[in-house]
Amino acid sequence: MTRLSVLSAMLAALLVAGAPAAAQTVIKGDTGEGAFFTIAVPDDWNGDLVLWNHGFDLDMPAPMPDLGPLAQVQLAQGYAVAASSYRQIGWAVFKTKNDLQNLLDIFKANFGPPAQVFVTGASLGGIVTAAAIEEAHLGNVVGALSLCGAVAGSRNWDGALDLRLIYDAVCDGVPGAFIPGGAEGLPAGFPFTSTQLGVAVNACTGVLLPPALRTPDQSERLQRILQTARIPESFLLRDMGFATFAMSDLVHDPLKLSGHLGTGNLGVVYGEPTIDLDIARVAPQPGARNRLTRHYTPTGDVGDTKIVSLHTDKDGLVVVENESAYAAVVPAANLTTAIVVEAVPSHCGFTPAEGVAGWQSLRGWVAGGPQPTPFSIQATCQAVAPVFGGPCRIAPGFPIPDLRTRIRPRQ
């Protein structure tokens, strides 16, 4: 047996031993500022705390926030795990710094200050994690794990704006395809449902029909939208929901952009002559653009925090190019990025073993081991896959494209 095989077997055995749920103290409640929390501390607490940041959600905050997909492994290893529901819905980054500070204060009041803090999150929780590292002042933040994180931050809204305006340009005049609003998403308070959105998008593109049942015009319009917006077909309805309902919440919430556009498309070249001619052109309101950028676009000021970031390559909601934008500002010595190559596009479609491998790699790095690489994370994944379930699809040499090749740059 090779040295790597021995280490892999030892790691798998360690995780098997730690897999059953540990005896723990769990407290739940609210912060008094609109956010709910859950904290779990194992009886054999090792003194460290993991903060979990959940993804995008347009439902109102509710009790019993989830502790994340790795919570049982982390608790079995002796970590305390805590999560906030956030006080805001949607793009909640305007107040997540305060929510995490409140969560940490509650933890300290009940269990004392943690020795080390790990910040973790997925999707929206990835940018919440990035913002927390840079400006939340959560104590000794030694490590962070981001899963399919929106770590390019507010630039993702430029992509949402483009999709909505591309749709409006292509589908203008098509019977049944009209969607109220435009660059703002839905007008404030407009009664429109996700079912109605699906009916409208299908009228234009036939996306809900088998390809053989689409009209030639529907097929042509669908391909124009997908190619110009640079998204997979399977994500069209989901992304249109984001550009319609989530954009409306962002723009019209008085505690977010208060009725102003934070994005625009003046001067953007879409590369399709008819769309470039017909698409609506809008400018961001400067104050709203600045506010959106501040909440949040990473600066790379991560101190000594060690960060592992995993992404699937075909994500059509939080595109993999987010990772190149994040790597452009975070020092290479602080960040390891690993890309999972999947056969079918997904958002956060990691196998359990891939998630555990990311976490284990971060733990080892924080404990004094070498900085992990995509190759070593893949090897760790293969070691734990018999216990947690694979496959392991991390591609060590995956070239992450520049974000500007997917979300066109603004003026």
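Okay, so let's go over this structure.

Basis of the calculations
Residues numbered from 1 in each chain as written. Predicted model: local features only at pLDDT ≥ 70, side-chain atom pairs only at ≥ 80, totals over all residues. Heavy atoms only, no water. Helix = DSSP H or I, 4+ residues; strand = E, 2+ residues; numbered from the N terminus. Buried < 20%, exposed > 50% of the residue type's maximum accessible area, 1.4 Å probe, protein only. Contact = heavy atoms within 4.5 Å. Areas by Shrake-Rupley, 256 points an atom, 1.4 Å probe, with all protein chains shown as cover. Lys, Arg positive; Asp, Glu negative; His and termini not counted. Charge placed at Lys NZ, Arg CZ, Asp CG, Glu CD. Pairing = 2+ DSSP bridges. Axes fitted to C-alpha atoms, helices over the stretch in contact; angles between N-to-C directions. Salt bridge = Lys/Arg side-chain N within 4 Å of Asp/Glu carboxyl O. Disulfide = S-S within 2.5 Å.

Regarding its fold elements, the chain presents 13 helices and 8 strands. Judged by the C-alpha coordinates and their principal axes, the chain covers about 65 × 50 × 35 Å. Across the 411 residues of the chain, 57% fall into the buried class. Relative to all contacts within the chain whose residues are 6 or more apart in sequence, the contacts with residues 24 or more apart total 76%. A total of about 16500 Å² of accessible surface is found on the chain, and carbon and sulfur atoms cover 59% of it. Considering the chain, the positive charge centre built from 26 side chains and the negative charge centre built from 35 side chains are found 3 Å apart.

Right, let's talk about the sheet that holds strand E5 (residues 117–122) for a bit. With mixed pairing, 8 strands are arranged side by side in an open sheet as E1-E2-E4-E3-E5-E6-E7-E8. Across the chains shown, the open sheet's two edge strands, defined by having one partner strand only, are strand E1 (24–30) and strand E8 (335–340). Strand-to-strand twist across the sheet, computed as the mean angle between neighbouring axes with direction ignored, equals 15 degrees. As paired strands, E1 and strand E2 (residues 36–42) are joined by 7 bridges and run antiparallel to one another. Looking at E2, one finds that Thr25 is bridged to Val41. Of the strands in this sheet, E1, E2, strand E3 (49–53) and strand E4 (80–84) are in contact with helix H3 (residues 96–111), which crosses E2 at around 40 degrees.

So, on to the pairing of E3. Counting buried positions over the 5 residues of E3 gives 5, a clear majority of the element. Pairing analysis gives 4 bridges linking E3 to E4, with the strands arranged parallel. Bridging across to E4, Val50 finds its partner in Val81. Where E3 lies against E5, 5 bridges are found, and the strand directions are parallel. Of the residues in E5, the one forming a bridge with Val50 is Phe118.

Attention shifts here to the pattern of salt bridges. Within this structure, the stated rule accounts for 16 salt bridges. Between Asp162 and Arg410 there is a salt bridge, with the nearest N and O atoms lying 2.6 Å from each other. Note that Asp162 is positioned in helix H5 (residues 156–171) and Arg410 in the segment after helix H13 (374–388), a separation of 248 residues in sequence. Arg410 matches Asp162 in its accessibility class, with the two residues each being buried. When the shortest N-O distance is used, the salt bridge between Glu354 and Arg393 registers 2.9 Å. Of this pair, Glu354 sits in helix H12 (residues 352–366) while Arg393 is found in the segment after H13, placing the two residues 39 residues apart along the sequence. Taking the relative accessible area as the measure of exposure, Glu354 reaches 0% and is therefore buried. With a relative accessible area of 21%, Arg393 lands in the partly exposed category.

A separate point is the state of the cysteines. Enumeration according to the criterion identifies 3 disulfides in this entry. Between the sulfur of Cys171 and that of Cys204 lies a disulfide, 2.0 Å long from S to S. Sign of the S-S torsion, about -80 degrees for the bond between Cys171 and Cys204, identifies this disulfide as left-handed. Placement of Cys171 in helix H5 and of Cys204 in helix H6 (residues 194–205) is noted, with a sequence separation of 33 residues between them. Owing to a relative accessible area of 0%, Cys204 belongs among the buried residues under this scheme. Through a disulfide, Cys381 is tied to Cys392; the S-S separation comes to 2.1 Å. Every disulfide takes its handedness from the sign of the S-S torsion; for Cys381 and Cys392 that torsion is -90 degrees, giving left-handed.

Read these as layout, nothing more, since geometry by itself doesn't imply function.
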